[in-house]
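Read off the chains here:
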Amino acid sequence: MRRILLTLSALFFISFSIFAQAGHEIKVKLNDFEEKQLYLAWNYAGKQYIKDTVDIDEKGYFTFTGEESLDGGVYLIIMPPDNQYFELLIDKDNQNFTVETSAKDLVGEMKINGSSDNKMYCDYLNYLSGKIVEQKEIQADKDSPDAAKKEAALKKLENLDAEVKKYHEDIINNHPKTMTAMVIKSRMQTPIPTFEGSEKEVSLKRYVFYKKHYFDNIDLGDSRLIRTSFLYERVTYYMEKLTPQHPDSMIISIDYLLNKMQPSEETFKYYLIHFLNKYASSKVVGQDKIYVHLAENYYCKGLAPWTDEEQLAKICDNARRIKPVLIGTKARDITTKSKDGKSHKLFDFDTEYTILYFWASDCGHCKKMTPFLIDFNEKYKTKGVSIMTICKPKSGEYKECWDYIDENKNMENMLNTYDPSNRAQIYYNVRSTPSMFILNKDKEIIMKGIGADQLDQVMDEIIKREQQKNASKR
């Protein structure tokens, strides 16, 4: 018996069913159930949504009906008030049938008329339940201290595993187009072969094989999958556990997924929007590169036709602004002025590392960061690190900047400047202050989006990595 907690809310997604609208009628009779209402819900990208609510009729049936066909997927019949539920498979040719069961044993007493697919799925669930019981009984002997009993139990488990595997394969081979076969197949993994080499080499080979074949048994272009619980789980695991959390690796994985999903317009749309929004708001430094990639290669190339022109223009413009300041790109040279009116070019800094720090005279958080910046400068100015600050006054009067610097005397030990043209903020896409960039000797952006209170830790790690890199070249 399973239970689920739901938010009884509508699902605001556009359905892209390509099938003819023939209507649906699903009649459910629930014995040993005293409530007068029943819910029909669907899985959608890891969540559940109410599709319909019906009252019991005079014959004791709950009838879900409509002139339009339901989109294919795994649906849920939910029983208030506890939200106990059972699953039904809905396909284009599988939308007019009757279900009768008992609330005391939903699957065990289920009888289905008019849907061979759901009958097969019910039989499958009952078969698995029986095998799980059988497995538990054998497991007790497997843990026995009696060697003969243990060996016999292991043999029984091996035979049981082979029997269940054959049961799965028979359904998949004999009924390949059914949703039952789709659900069963999606839960199967491609066996990992035996590899040779050191423990580290074998581990790497197993990982590479597993990742490559992770979706072997799932057709990501099948539109029914968006209305299942397992697709979202699989995609999330693939992105967060199997994909190295580096923007370049993540981009490769996302492109792979979206390419496989394209035959299903709805799935492709959902995940393209999902990935764009996720990495647009990501707080992880460097993941804005994923946002830029999605914008440039999908939205700005016309692969998101559902996006209105105004929103599309914002997405593409935002990507254009972010791209020049992605980590790993060559920074743009800028010319600013110090208090004495002297011009200073960023690229004239001949140091191993340059900290570019944008701040504003009325920025409260900037003032909180000032002590950290001063302390950092005192520690690292002899380690090949220079700081160039660029102040933006609230009123446009740069006296505000110099007054603040005079109040914080140790700020004078770094190059404090302003940009009368305001181009520097535009070039570096500075939309809030403080904003910081760390550049290497070649003036490539190697870190950004951190606070002055993090500078010590980040700079130590950067220097350490560079030393290790140089040592490996010797």
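Residues numbered from 1 in each chain as written. Predicted model: local features only at pLDDT ≥ 70, side-chain atom pairs only at ≥ 80, totals over all residues. Heavy atoms only, no water.

Q: It is not clear to me how the state of the cysteines should be interpreted in this structure. Could you clarify?
A: Two cysteines form a disulfide when their sulfur atoms are joined by a covalent bond. For the structure shown, the criterion picks out 3 disulfides. Each sulfur in the disulfide pair Cys-363 and Cys-366 lies 2.3 Å from the other. Between Cys-363 and Cys-366, the S-S dihedral sits near 85°, and the bridge is therefore right-handed. Each sulfur of the disulfide joining Cys-391 and Cys-401 lies 2.0 Å from the other. Taking the torsion about the sulfur-sulfur bond, which here is approximately -75°, the covalent link between Cys-391 and Cys-401 counts as left-handed. Here Cys-401 lies in helix 11 (residues 399–407) and Cys-391 lies in strand 13 (residues 385–392), a separation of 10 residues in the sequence. Neither residue differs from the other here; Cys-391 and Cys-401 are each classed as buried. Across the protein, the way the bonded cysteines pair up, counted in sequence order, is 1-2, 3-4, 5-6. (Disulfide = S-S within 2.5 Å. Helix = DSSP H or I, 4+ residues; strand = E, 2+ residues; numbered from the N terminus. Buried < 20%, exposed > 50% of the residue type's maximum accessible area, 1.4 Å probe, protein only.)

Q: Explain the pairing of strand 4 (residues 47–55) to me, please; I cannot follow it from the model alone.
A: Moving residue by residue along a regular strand, the side chains alternate between the two faces of the sheet. Bridge count for strand 3 (residues 37–44) against strand 4 is 8 bridges, and the pairing is antiparallel. Bridge pairing in strand 4 links Trp-42 to Tyr-49. Connecting strand 3 to the antiparallel partner strand 4 that follows it, the hairpin turn spans 2 residues, and Ala-45 within it adopts a positive phi of roughly 50°. (Pairing = 2+ DSSP bridges.)

Q: Would you explain empty space enclosed by the protein in this entry?
A: Any empty space left between the atoms is revealed when a probe the size of a water molecule rolls over them. Summed over all chains, the structure comprises 2 cavities of 30 Å³ or more. Considering only enclosed or pocket space, the largest cavity measures out at about 60 Å³ in volume. In this structure, the largest cavity is lined by 11 residues; those nearest its centre are Glu-87, Met-110, Tyr-121, Cys-122 and Leu-125. Elements represented by at least two residues in the lining of the largest cavity include exactly strand 7 (84–90) and helix 1 (116–142). (1 Å grid on protein atoms, 1.4 Å probe; cavity = no way out; pocket = protein on both sides within 12 Å on 5 of 7 lines; lining within 4 Å. Points joined across faces, edges and corners; volume = space filled by probe spheres on them.)

Q: Please explain helix 8 (residues 288–299) as it appears in this structure.
A: Given a rise of 1.5 Å per residue, 12 residues ought to cover 16 Å, and the 15 Å separating the end C-alpha atoms of helix 8 matches this to within 8%. Counting buried residues in helix 8 gives 9 out of 12 residues, a clear majority hidden from the surface. Among all positions of helix 8, only Asp-288, Ile-290, Tyr-291, Val-292, His-293, Leu-294, Ala-295, Tyr-298 and Tyr-299 are buried. Those residues of helix 8 that are buried lie in contact with helix 6 (247–261), helix 7 (265–280), helix 9 (309–322) and strand 16 (445–448). (Expected span 1.5 Å × (residues − 1). Contact = heavy atoms within 4.5 Å.)

Q: Teacher, can you tell me more about the pattern of salt bridges here?
A: Pairing between side chains becomes possible if they bear opposite charge and their charged atoms approach one another. Considering all chains together, one arrives at 22 salt bridges under this definition. Residue Glu-310 is joined to Lys-314 by a salt bridge in which the shortest nitrogen-to-oxygen separation is 3.8 Å. Here Glu-310 and its partner Lys-314 are both found in helix 9, 4 residues apart, which amounts to about one turn of the helix. Each member of the pair, Glu-310 together with Lys-314, is exposed. A salt bridge links Arg-321 to Asp-317, with the nearest nitrogen and oxygen atoms 2.9 Å apart. Placement of both Arg-321 and Asp-317 in helix 9 is noted, with a separation of 4 residues, approximately one turn of the helix. A network of salt bridges, in which partner residues are shared, links Asp-91, Asp-222 and Arg-224. (Salt bridge = Lys/Arg side-chain N within 4 Å of Asp/Glu carboxyl O.)

Q: Would you explain the packing of helix 7 against helix 8 in this entry?
A: Describing two packed helices takes the angle between their axes plus the distance from one axis to the other. Two elements in contact, helix 7 and helix 8, have axes whose closest approach is 8 Å; the angle formed by their N-to-C orientations is 145°. Relative to helix 8, helix 7 is oriented so that their crossing is left-handed. Contacts between helix 7 and helix 8 pair Phe-268, Leu-272, Ile-273, Phe-275, Leu-276, Tyr-279 and Ala-280 from the former with Asp-288, Ile-290, Tyr-291, Leu-294, Ala-295, Tyr-298 and Tyr-299 from the latter. (Axes fitted to C-alpha atoms, helices over the stretch in contact; angles between N-to-C directions. Left-handed = near helix turned anticlockwise from the far one by under 90°.)

Q: Would you take a moment to explain the confidence of the model for the protein for this structure?
A: Detailed reading of predicted coordinates is not advised where the pLDDT is low. For the protein, the mean per-residue pLDDT works out to 91, and 95% of the residues sit at or above 70. Across residues 1–21, confidence stays below pLDDT 50; counting only partners more than four residues off in sequence or on other chains, it has 45 contacts. (pLDDT = per-residue confidence, 0-100.)

Q: What is the right way to read a negative patch on the surface from this model?
A: Side chains of Asp-32, Glu-34, Glu-35, Asp-105 and Glu-109 sit close together on the surface and give a patch of like negative charge. Inspection of the secondary structure puts Glu-35 in the loop between strand 2 (24–31) and strand 3. (Patch = residues over 30% accessible without salt bridge, like charges linked within 9 Å, V, L, I, M, F, W, Y side chains within 5 Å. Areas by Shrake-Rupley, 256 points an atom, 1.4 Å probe, with all protein chains shown as cover. Lys, Arg positive; Asp, Glu negative; His and termini not counted. Charge placed at Lys NZ, Arg CZ, Asp CG, Glu CD.)

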